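Chain by chain, the residues:
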Amino acid sequence: MFKQRVVFVHGDGSFGAAAWPKQHGMALDYDALFLRRHGFDPVAEPLESSFSADAAIVLGSLADDGRGEAGGHVVAHSQGAISAMMAAVERPDLVQSLTLVEPACLSLTAELPATAAHRALMQPLYDVRHSLSDDDFQREFIRRAFAADAPGATTPEALRSARRLRLQAPPWEAPLQIVPGVPTLVLTGGWEPLYEEIAGYLRETGALHRTAPGGHRPQDSTEGDRAIRSFIAEVSRHRHARAS
């Protein structure tokens with residue numbers, strides 16, 4: 001039986017299926033792909049991030065790879081939302097819907113107050129990131145972004161995770177200036193003005209905005225998971241109705 005494809009694009013931190021624990025069960029109803037962005041590998045050394053390489057990975061996952069139809073739904077978290085939107089801008093015919101969870105699309109809202117304040121706070125850290133150790137950058141990043149203390153990286157995976165974080169380009173440098181014309185849901189945790197500001201901007205361009213508990217990971221809450229599934233199912237019904 002043919003299943004529509006749903007592609008999941010992670011943010012920083014965990015990647016692949018590990019980044020979407022609540023959404024694993026969607027593979028029962030959809031052809032679910034849990035991507036790994038450029039430089040995210042469980043064994044290989046992390047690489048400098050690349051917005052264009054990430055967008056190419058998303059588009060590659062939407063190709064007709066023998067399943068009889070190209071395209072699908074894209075669900076993306078945090079920095080992964082940048083490449084998801086870039087892919088939709090480049091090939092809106094392939095992206096049936098976008099679900100953006102706490103999207104770090106700061107290049108769209110660069111002139112707005114919460115985004116400008118966040119950049120003013122984080123830019124000095126990014127300016128010196130290549131002169132800092134991975135652990136020092138991660139500790140300071142978490143302190144500034146989340147007002148929390150980060151434990152020191154001790155395991156091999158924790159050390160690779162800290163390096164990946166340091167190698168991520170600032171999200172406000174993304175070559176993303178326009179919004180794709182595809183059905184879009186923005187899901188935020190309602191905890192941070194920065195993400196609410198981005199969600200408000202996208203809502204004004206036609207997106208649906210929902211909030212759910214869970215802080216920066218609302219997709220892990222029952223309400224957030226339900227919002228993702230309901231939105232994709234609704235878009236799928238509308239597409240099927242138009243085609244019939």
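Residues numbered from 1 in each chain as written. Predicted model: local features only at pLDDT ≥ 70, side-chain atom pairs only at ≥ 80, totals over all residues. Heavy atoms only, no water.

## Comments concerning the nonpolar core
Membership of the largest hydrophobic core comes to 44 residues, with the highest contact counts inside it found for Val74, Met85, Leu98, Leu100, Cys105, Phe141 and Leu202. Elements supplying a minimum of two residues to this core: β1 (5-9), α1 (51-61), β3 (72-77), α2 (80-90), β4 (95-101), α3 (113-127), α4 (134-146) and α6 (193-204). Examining the composition of this core, we find that seven residues originate from one element, α2, more than from any other. Ignoring any residue separated from it by four or fewer positions in sequence, one finds Cys105 in contact with Ala81, Ile82, Met85, Leu176 and Ile198. Within the second largest apolar cluster, 14 residues are counted, among which are Val6, Ala32, Val75 and Ile232. (Core = buried A, V, L, I, M, F, W, Y, C linked by side-chain atoms within 4.5 Å. Buried < 20%, exposed > 50% of the residue type's maximum accessible area, 1.4 Å probe, protein only. Helix = DSSP H or I, 4+ residues; strand = E, 2+ residues; numbered from the N terminus. Contact = heavy atoms within 4.5 Å.)

## Section: the layout of surface pockets
The space that makes up the largest pocket amounts to roughly 730 Å³. Every residue lining the largest pocket is counted, 36 residues in all, and those nearest its centre are Asp12, Phe141, Phe146, Leu165 and His216. Put simply, the parts of the chain that give the lining of the largest pocket at least two residues each are α3, α4, α5 (156-167) and α6. Its residues assigned to classes, the lining of the largest pocket comprises 20 nonpolar, eleven polar and five charged. As a volume, the second largest pocket reaches approximately 160 Å³. Its residues placed into classes, the lining of the second largest pocket shows three nonpolar, three polar and two charged. (1 Å grid on protein atoms, 1.4 Å probe; cavity = no way out; pocket = protein on both sides within 12 Å on 5 of 7 lines; lining within 4 Å. Points joined across faces, edges and corners; volume = space filled by probe spheres on them. Nonpolar A, V, L, I, M, F, W, Y, C, P; charged D, E, K, R; others polar.)

## Regarding the pairing of strand β5 (residues 184-188)
β5 sits mainly inside the fold: five of its five residues count as buried. Residues Thr184, Val186 and Thr188 of β5 are buried on one face, and the alternating residues Leu185 and Leu187, pointing to the opposite face, are buried as well. Taken together, the four bridges between β4 and β5 define a ladder with parallel strand orientation. Paired with Val101 across the bridge in β5 is Leu187. Both β5 and strand β6 (residues 208-211) contribute to a ladder of four bridges, which runs parallel. Paired with Thr188 across the bridge in β6 is Thr211. Running through α6, the crossover from β5 to the neighbouring parallel element β6 is right-handed. (Pairing = 2+ DSSP bridges. Right-handed = clockwise from strand over helix to strand, strands pointing away.)

## A short note on the packing of aromatic side chains
In total, this model carries eight aromatic pairs according to the counting rule given. Each ring, one from Phe8 and one from Trp20, has its centre 5.2 Å from the other, and the planes form 50 degrees; the classification is tilted. Here Phe8, found in strand β1, pairs with Trp20, found in the loop between β1 and β2 (31-34); they are twelve residues apart in sequence, far enough to count as distant. Considered together, Phe8 and Trp20 belong to a single accessibility category, that of buried residues. Centre to centre, the rings of Trp191 and Tyr195 are 6.2 Å apart; their planes meet at 35 degrees, and the pair counts as tilted. Tyr195 sits in the buried class, given a relative accessible area of 9%. Cluster of aromatic residues (ring-pair linked, three or more members): Tyr126, Phe137, Phe141 and Trp172. (Phe/Tyr/Trp six-rings, centres within 6.5 Å; stacked < 30°, edge-to-face > 60°.)

## Concerning unusual backbone geometry
Here the phi dihedral of Ser78 falls at roughly 55 degrees; this positive angle occurs in a residue that is not glycine. Looking at where Ser78 falls in the secondary structure, it is placed in the loop between β3 and α2. Its identity as a non-glycine residue notwithstanding, Glu102 has a phi of 45 degrees, on the positive side. Positionally, Glu102 belongs in the loop between β4 and α3.

## Notes on α4
Between its first and last C-alpha atoms α4 spans 18 Å; for 13 residues at 1.5 Å apiece the expected length is 18 Å, and the two agree. Within α4, burial applies to Asp134, Phe137, Gln138, Phe141 and Ala145. Viewed along the axis of α4, the buried residues span an arc of 95 degrees, placing them on a single side of the element. Structurally, α4 contributes buried residues whose contacts are with α3 and α5. At the exit of α4 stands Ala147, carrying a positive phi of roughly 50 degrees. (Expected span 1.5 Å × (residues − 1). Arc of directions from axis to C-beta.)

## Concerning the sheet that holds β5
As summarised here, the arrangement of the six strands in space is β2-β1-β3-β4-β5-β6, forming an open sheet in which the pairing is parallel. Every other strand in the sheet has two partners, leaving β2 and β6 as the edge strands with one partner each. Between one strand and the next, the sheet's axes are offset by a mean angle of 15 degrees, whatever the strand orientation. α2 contacts β1, β3 and β4 of the sheet and is inclined by roughly 160 degrees relative to β4. Sitting on the sheet, helix α7 (residues 222-243) is in contact with β1, β3, β4, β5 and β6, with an inclination near 165 degrees to β4. (Axes fitted to C-alpha atoms, helices over the stretch in contact; angles between N-to-C directions.)

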